[in-house]
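Structural overview for review
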Amino acid sequence: MKNYNSIKEKIINSWLLKDKVFWSLFPIIFIFDQITKYLVYKNLSLGESIPENFIIKITYARNTGTAFSLFSSYGDLLLYISIFVAIFFTVYFILIEKPKLTMRIFISLVVAGALGNILDRLRFGYVNDFIDVGFWPIFNIADSSISIALTIYFVDLIFFDRKKNEN
């Protein structure tokens with residue numbers, strides 16, 4: 001019971017519940033993702049593009065797989081993995097002391113992106129995608145959020161953690 005109370009206290013006093021970066025960035029990304037997906041879902045037919053012949057366009061697509069439509073036949077498993085990832089990162093960051101700014105941005109973007117796609121999977125059984133850059137698989141704001149988060153994480157890991165360890 002002592003461990004449970006300790007964890008409960010850590011969660012209640014967590015930086016995450018009070019963090020301005022998280023509570024500014026997370027809802028903005030999540031809501032923007034949901035609004036853009038809704039607008040595309042309601043206004044375009046599946047496969048329809050606007051403009052029709054341009055390198056960057058909005059094309060309504062449905063994705064039952066992961067990024068780049070990989071593992072399309074594993075929709076339910078991907079839903080559970082996405083939920084696990086969102087919970088894991090949230091709990092992980094709750095249980096550590098206040099992380100540096102780059103990691104707070106990282107968790108905000110990952111959780112917003114994961115929850116945006118989780119909500120689609122729960123509602124529709126697939127993820128609504130619409131950003132079409134010709135040569136690249138069609139994606140959405142949530143996917144972009146996760147990709148940006150991973151870029152921030154690796155840039156921080158490669159360039160800034162290395163400098164800290166060299167000093």
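Above: the structure in question.
Residues numbered from 1 in each chain as written. Predicted model: local features only at pLDDT ≥ 70, side-chain atom pairs only at ≥ 80, totals over all residues. Heavy atoms only, no water.

**Here we look at unusual backbone geometry**
- Of the consecutive residues I50 and P51, the connecting peptide bond is found in the cis state with omega at -20°.
- Residue placement: P51 occurs in the loop between β1 (49-50) and β2 (57-63). (Helix = DSSP H or I, 4+ residues; strand = E, 2+ residues; numbered from the N terminus.)

**What to know about the pairing of strand β3 (residues 127-132)**
- Counting buried residues in β3 gives 6 out of 6 residues, a clear majority hidden from the surface.
- One ladder, built from 5 bridges, connects β2 with β3; its direction is antiparallel. In the sheet register, K57 faces β3, and the bridge partner there is D132. (Buried < 20%, exposed > 50% of the residue type's maximum accessible area, 1.4 Å probe, protein only. Pairing = 2+ DSSP bridges.)

**Side note on the packing of helix α2 (residues 20-43) against helix α4 (residues 101-124)**
- Between α2 and α4, the least distance of the axes is 9 Å, while the angle of their chain directions is 30°. The orientation of α2 with respect to α4, classified from their angle, is roughly parallel. Relative to α4, the crossing made by α2 is right-handed.
- For the contact of α2 with α4, the per-class residue count stands at 16 nonpolar, 4 polar and 5 charged. (Axes fitted to C-alpha atoms, helices over the stretch in contact; angles between N-to-C directions. Parallel < 35°, antiparallel > 145°, perpendicular 65-115°, else oblique. Left-handed = near helix turned anticlockwise from the far one by under 90°. Nonpolar A, V, L, I, M, F, W, Y, C, P; charged D, E, K, R; others polar.)

**Focus on the packing of aromatic side chains**
- All told, the structure shown has 11 aromatic pairs when counted by the stated rule.
- Both rings, one in W23 and one in F26, keep their centres 6.0 Å apart while their planes meet at 85°; by these two values the pair is edge-to-face. Within this pair, W23 and its partner F26 are both found in helix α2, separated by 3 residues, close to a single helical turn.
- Overall, W23 belongs to the partly exposed group, its relative accessible area being 42%.
- Here the aromatic rings of Y41 and F124 are separated by 4.8 Å at their centres, their planes lie at 40°, and the arrangement is tilted. Taken together, the positions of Y41 in helix α2 and F124 in helix α4 put the pair 83 residues apart, joining distant regions of the chain. (Phe/Tyr/Trp six-rings, centres within 6.5 Å; stacked < 30°, edge-to-face > 60°.)

**So, the side chain of T36**
- Along the chain, the position of T36 falls in helix α2.
- In this structure T36 comes out as buried when scored by relative accessible area, which is 13%.
- Not counting residues up to four positions away in its chain, the partners in contact with T36 are F130 and I141. (Contact = heavy atoms within 4.5 Å.)

**Focus on the pattern of salt bridges**
- In the structure shown here, the tally under the stated rule is 4 salt bridges.
- For D33, the salt bridge is made with K37, and the minimal N-O distance between the two is 3.0 Å. With D33 and K37 both in helix α2 and 4 residues apart, the pair spans about one turn of that helix.
- D156 is the partner of K100 in a salt bridge, and the nearest nitrogen-oxygen pair spans 2.8 Å. (Salt bridge = Lys/Arg side-chain N within 4 Å of Asp/Glu carboxyl O.)

**Concerning the sheet that holds β3**
- Taken in spatial order, the 3 strands line up as β1-β2-β3 in an open sheet, and their pairing is antiparallel. The two strands at the open ends of the sheet, each matched to only one other strand, are β1 and β3.
- Looking at chain direction, β1 and β2 are connected through 2 bridges and run antiparallel. When the bridges of β2 are listed, I50 appears paired with I58.
- Sitting on the sheet, α2 is in contact with β2 and β3, with an inclination near 90° to β3.

**Focus on the nonpolar core**
- Judged by nonpolar contacts, the single largest core of 15 residues is most densely connected at F93 and I107.
- When residues of this core are traced back to their parent elements, those giving at least two are α2, α3 (75-95) and α4.
- If you tally residues by element for this core, the top one is α4, at 7 residues.
- Residues contacting F93, with those up to four places away along its chain left out, are W15, P99, M103, F106 and I107. (Core = buried A, V, L, I, M, F, W, Y, C linked by side-chain atoms within 4.5 Å.)

So, to be careful, I would describe these as geometric facts and stop short of saying anything about function.
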